[in-house]
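Observations on the model geometry
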Amino acid sequence: MVSGRVSEAATAMQGRLISGSAEAQWVGAALDSRAVSGGELFFALEGDRTDGHRFVLQALERGARAAVVSQPVEARVGDGLIEVDDTFSALHRLTRDVRSRIPEHLVAVTGSVGKTTTKEILATLLGSKFRVARNPGSLNNLYGFPIALLGIPDDTQWMVAEMGMSTPGELGQVSMLGRPDVAVFTNVRPAHLEAFGTLRAIAEAKAELLQGLRADGLVIANRDDSEVARLVERHDGDVAWFAVVADGDYTVADVHQLPAGQGTAFRLIAGEEEEDIELPLHGLYNVENFLAAAACAHRLGVSLSAIGEAAAHIEGQPMRGQLHRLAADRVLIDDCYNSNPTALLQALRSARELTGQRHWAVLGDMLELGETAPDLHRQAGREAAELGFSPIVGVGELARDLVEAASAAGAQTRWYESAGAAAEQLAAEMRSGDVVLIKGSRGVGLEAVVESILALSEGVA
């Protein structure tokens, strides 16, 4: 992890050490006292629902090297305390100071769908040649990204950083903190419509990633996505295009699913070079995620043959299309981390390609869609039914519209008010040969259904 002397950190944050040893060494940072394991700087942030100053003593007792505070707090004699004008600003000052030295280079990945998976794939591919770090989970905003960066090893050559946003202007600020050498744009899709209103507004917010990109930085962009193509046109520097459908610098051919849900095979094409790939992830959307990562890794010096070898070691991310092969030829697809109309349609199409006696789906509310939510849920219900899913189970108030449309289109349907209610009944309903997709926005909590099915399943493969 990033480390240094407490006194040097205080100077970087424009604060002053009011107690504790100036020579003490800090390692990493934390915003939650429960995340302190020993040696971190604990930042007492003030929020709408709680105030980190209330937990300073707890963080210090758990081993924090020093607490960064902006008001008097309870502490023990000798505990490290750094006083600053504003703890949030101090966190960003320290992040900028560290970023001037560590890591050597940074790749920023953004997009509406698949950025976490793309980040993980890219980290694996680059890891075949470089010392690589990544932000864990989805630590991708103005709070999470600084903690992620302050937690990487001092000798990191490339950090692969997912960067996200929930309001206009946020991604630009994160980008300015990270100062990426490379920017990867996966796609622009109708997510966060409630906050942004239109797809064009979402695209403009994604374009903020370019604000922190170094002047001679590289952009990796999705040629198949018209909004990505439009926003990348404003970048005067180097651009490498990837595309599953359109022409691009990096493309694929002969895409097909491997037997028994083992993944996807295809040929990766980069100009005159080609490499056969076996990706242990199912679905065309994961081919797109891989292609974005492969284009970036290749431009940064990883050979196609090394990319092909590294592909075999890629693992699915929990709750992001993770495939579980159960006894009696049953397949469970856990995709309940998040959902939006485009991601749902991609997941449905990919699940339908898997061999099974019966394909059914448990679909939760798609949140943050604003006034368009009822229409988009009805459209999703029709699409699921037309693809042959039955039964289609809706979970959550918005999913009522999805279920009604699916029923009108000929599918068997059911609706549950909550994931807990659905979990009680659905776990025992999987038959031999079933393929079931479980997908919804994070707030719906469909992992309860997944956990119930897995708990009742025997002989997970």
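The sections below set out a description of the structure shown in this document. (Residues numbered from 1 in each chain as written. Predicted model: local features only at pLDDT ≥ 70, side-chain atom pairs only at ≥ 80, totals over all residues. Heavy atoms only, no water.)

Topic: the overall build of the chain
Filter applied, for reference: Helix numbers and strand numbers start at the N terminus; a helix is a DSSP run of H or I with at least 4 residues, a strand a run of E with at least 2. The reference for a compact globule is 2.2 Å times residues^0.38; the radius of gyration itself is calculated from the C-alpha atoms. Exposure classes here rest on a 1.4 Å probe applied to the protein chains alone. A residue is buried below 20% of its type maximum, exposed above 50%, and partly exposed in between. Only heavy atoms enter the contact rule, under which two residues are in contact if any of them lie within 4.5 Å. Neither His nor the chain ends contribute to the count of charged residues, in which Lys and Arg are positive and Asp and Glu negative. Each charge is placed at NZ for Lys, CZ for Arg, CG for Asp and CD for Glu.
The helix and strand inventory of the chain stands at 16 helices and 22 strands. Its C-alpha radius of gyration of 23 Å places the chain within 12% of the 23 Å reference for a compact globule of 461 residues. Here the C-alpha coordinates of the chain stretch approximately 70 × 55 × 45 Å along the principal axes. The 461 residues of the chain split such that 57% are buried. Of all intrachain contacts in the chain linking residues separated by at least 6 positions in sequence, the fraction that spans at least 24 positions is 64%. Side chains of the chain carry 40 positive and 63 negative charges; the gap between the two charge centres is 2 Å.

Details of helix α16 (residues 447-456)
Given 3.6 residues per turn, any residue in an α-helix points the same way as the ones three and four places further on. Keep this limit in mind: This arc describes the spread of directions from the helix axis toward the C-beta atoms.
Among the residues of α16, those classed as buried are Glu447, Val449, Val450 and Ile453. Down the axis of α16, the smallest arc covering the buried residues is 155 degrees, so these residues share one side. Among the exposed residues of α16, those oriented more than 90 degrees off its buried face are Glu451, Ala455 and Leu456. For α16, the elements touching its buried residues are β17 (322-326), β18 (330-335), α15 (419-426) and β22 (434-439).

Focus on the sheet that holds strand β19 (residues 358-364)
Put simply, the rule is: Strand pairing is assigned whenever DSSP detects at least two bridges linking the two strands. For every element, the axis is a line fit to its C-alpha atoms; helices are fit only across the contacting stretch, and the angle between N-to-C directions ranges from 0 to 180 degrees.
Reading across from one edge, β17-β18-β22-β19-β20-β21 is the order of the 6 strands in this open sheet, with mixed pairing throughout. Edge strands, defined here as strands with exactly one partner in the open sheet, are β17 and β21 (413-416). Taken over all neighbouring pairs, the strand axes of this sheet differ in orientation by 15 degrees on average, direction set aside. Sheet strands in contact with α15 are β19, β20 (392-395) and β21, and its direction is about 130 degrees off that of β21.

Re the packing of aromatic side chains
Just so we agree on the cut-off: To pair, rings of Phe, Tyr and Trp, with the six-membered ring standing in for Trp, must have centres within 6.5 Å; the planes then decide the type, stacked if under 30 degrees apart, edge-to-face if over 60, and tilted in the middle. To sit over a ring, a charge needs its Lys NZ or Arg CZ within 6 Å of the ring centre and within 35 degrees of the ring normal.
Enumeration over the complete set of coordinates arrives at 3 aromatic pairs. Over the ring of Trp415 we find Arg400, and its NZ or CZ is 3.7 Å from the ring centre.

A short note on the pattern of salt bridges
The test is simple: We count a salt bridge whenever a side-chain nitrogen from Lys or Arg sits within 4 Å of a carboxyl oxygen from Asp or Glu.
Within the structure shown, the criterion is met by 30 salt bridges. The salt bridge involving Arg134 is made with Glu120; its shortest N-O contact spans 2.6 Å. Of the two residues, Arg134 sits in strand β9 (residues 132-134) while Glu120 sits in helix α4 (residues 115-126), which places them 14 residues apart along the sequence. Among the ionic pairs, Glu274 bridges to Arg267, the shortest N-O distance being 2.8 Å. Among the charged side chains, a salt-bridge network with shared partners connects Arg200, Glu204, Glu227, Arg230 and Arg234.

Describing the packing of α15 against α16
Relative orientation and spacing of two packed helices are given, respectively, by the angle between their axes and the distance between those axes. This is how the line gets drawn: Oblique is the label for any angle not covered by the other classes, which are roughly parallel (under 35 degrees), roughly antiparallel (over 145) and roughly perpendicular (65 to 115). Rotating anticlockwise by less than a right angle from the far helix to the near helix defines a left-handed crossing, while the corresponding clockwise rotation defines a right-handed one. Residues are grouped as follows: Ala, Val, Leu, Ile, Met, Phe, Trp, Tyr, Cys and Pro are nonpolar; Asp, Glu, Lys and Arg are charged; every other residue, Gly included, is polar.
It is the contact of α15 with α16, at a shortest axis distance of 8 Å, that shows an interaxial angle of 20 degrees. For the element pair α15 / α16, the angle class is roughly parallel. The hand of the α15/α16 crossing is right-handed. Within the contact between the two elements, α15 uses Ala419, Ala422, Ala423 and Leu426 and α16 uses Ala448, Val449 and Ser452. Class assignment of the residues belonging to the contact of α15 with α16 gives a composition of 6 nonpolar, 1 polar and no charged.

Re unusual backbone geometry
Note that the residue after Ile102, namely Pro103, is joined by a cis bond; omega there is -5 degrees. Within the fold, Pro103 resides in the loop between α3 (87-99) and β8 (105-110). The omega torsion of the bond from Ser390 to Pro391 falls at 5 degrees, within 30 degrees of zero and hence cis. Non-glycine residue Met319 carries a positive phi angle of around 65 degrees. Residue placement: Met319 occurs in the loop between α11 (304-311) and β17. For Asp329, which is not glycine, the phi dihedral falls at a positive 60 degrees. As for its placement among the helices and strands, Asp329 is situated in the loop between β17 and β18.

Re the environment of Gly445
Inspection of the secondary structure puts Gly445 in the loop between β22 and α16. Assessed through its relative accessible area of 18%, Gly445 is described here as buried. In this structure, the C-alpha to C-alpha distance between Gly445 and Gly308, residues 137 residues apart in sequence, is 36 Å.

A closer look at the pairing of β8
Of all 6 residues making up β8, 5 are buried, and the element is well covered by its neighbours. Relative to strand β10 (residues 158-162), β8 runs parallel, the two being bridged by 5 bridges. Each residue of the ladder has a partner; that of Leu106, found in β10, is Met159. Direction of pairing for β8 relative to strand β11 (residues 182-185): parallel, over a ladder of 4 bridges. Bridge pairing in β11 places Thr110 opposite Phe185.

Remarks on the sheet that holds strand β7 (residues 80-83)
If you walk across this open sheet you meet the 5 strands as β2-β7-β6-β5-β4, and the pairing is mixed. The strands lining the two open edges of the sheet, one partner per strand, are β2 (16-19) and β4 (29-30). Pairing of strand β6 (residues 66-69) with β7, which is carried by 4 bridges, proceeds in the parallel orientation. Within β7, the position partnered with Ala66 by the bridge is Gly80. Here α3 sits on the sheet and contacts β5 (41-43) and β6; the angle it forms with β5, its principal contact strand, is near 140 degrees.

Notes on the environment of Asp329
On the basis of relative accessible area, Asp329 is assigned to the exposed category, the value being 64%. As for Asp329 and Arg431, which are separated by 102 residues in sequence, their C-alpha atoms are 9.0 Å apart. Apart from residues lying up to four places away in sequence, Asp329 is in contact with Gly433 and Asp434.

Describing the nonpolar core
Nonpolar side chains in soluble globular proteins tend to end up buried together. Going by this rule: Among buried residues, those of type Ala, Val, Leu, Ile, Met, Phe, Trp, Tyr and Cys that are joined through side-chain atoms within 4.5 Å constitute a nonpolar core.
Ranked by size, the top nonpolar core spans 81 residues in total, and within it Phe43 and Leu94 carry the most contacts. Those residues in contact with Phe43 that lie beyond four places of it in its chain are Met13, Ala29, Ala30, Leu31, Val68, Thr87, Ala90, Leu91 and Leu94. Residues Val109, Tyr250, Ala292 and Ala297 belong to the second largest nonpolar core, which totals 42 residues.

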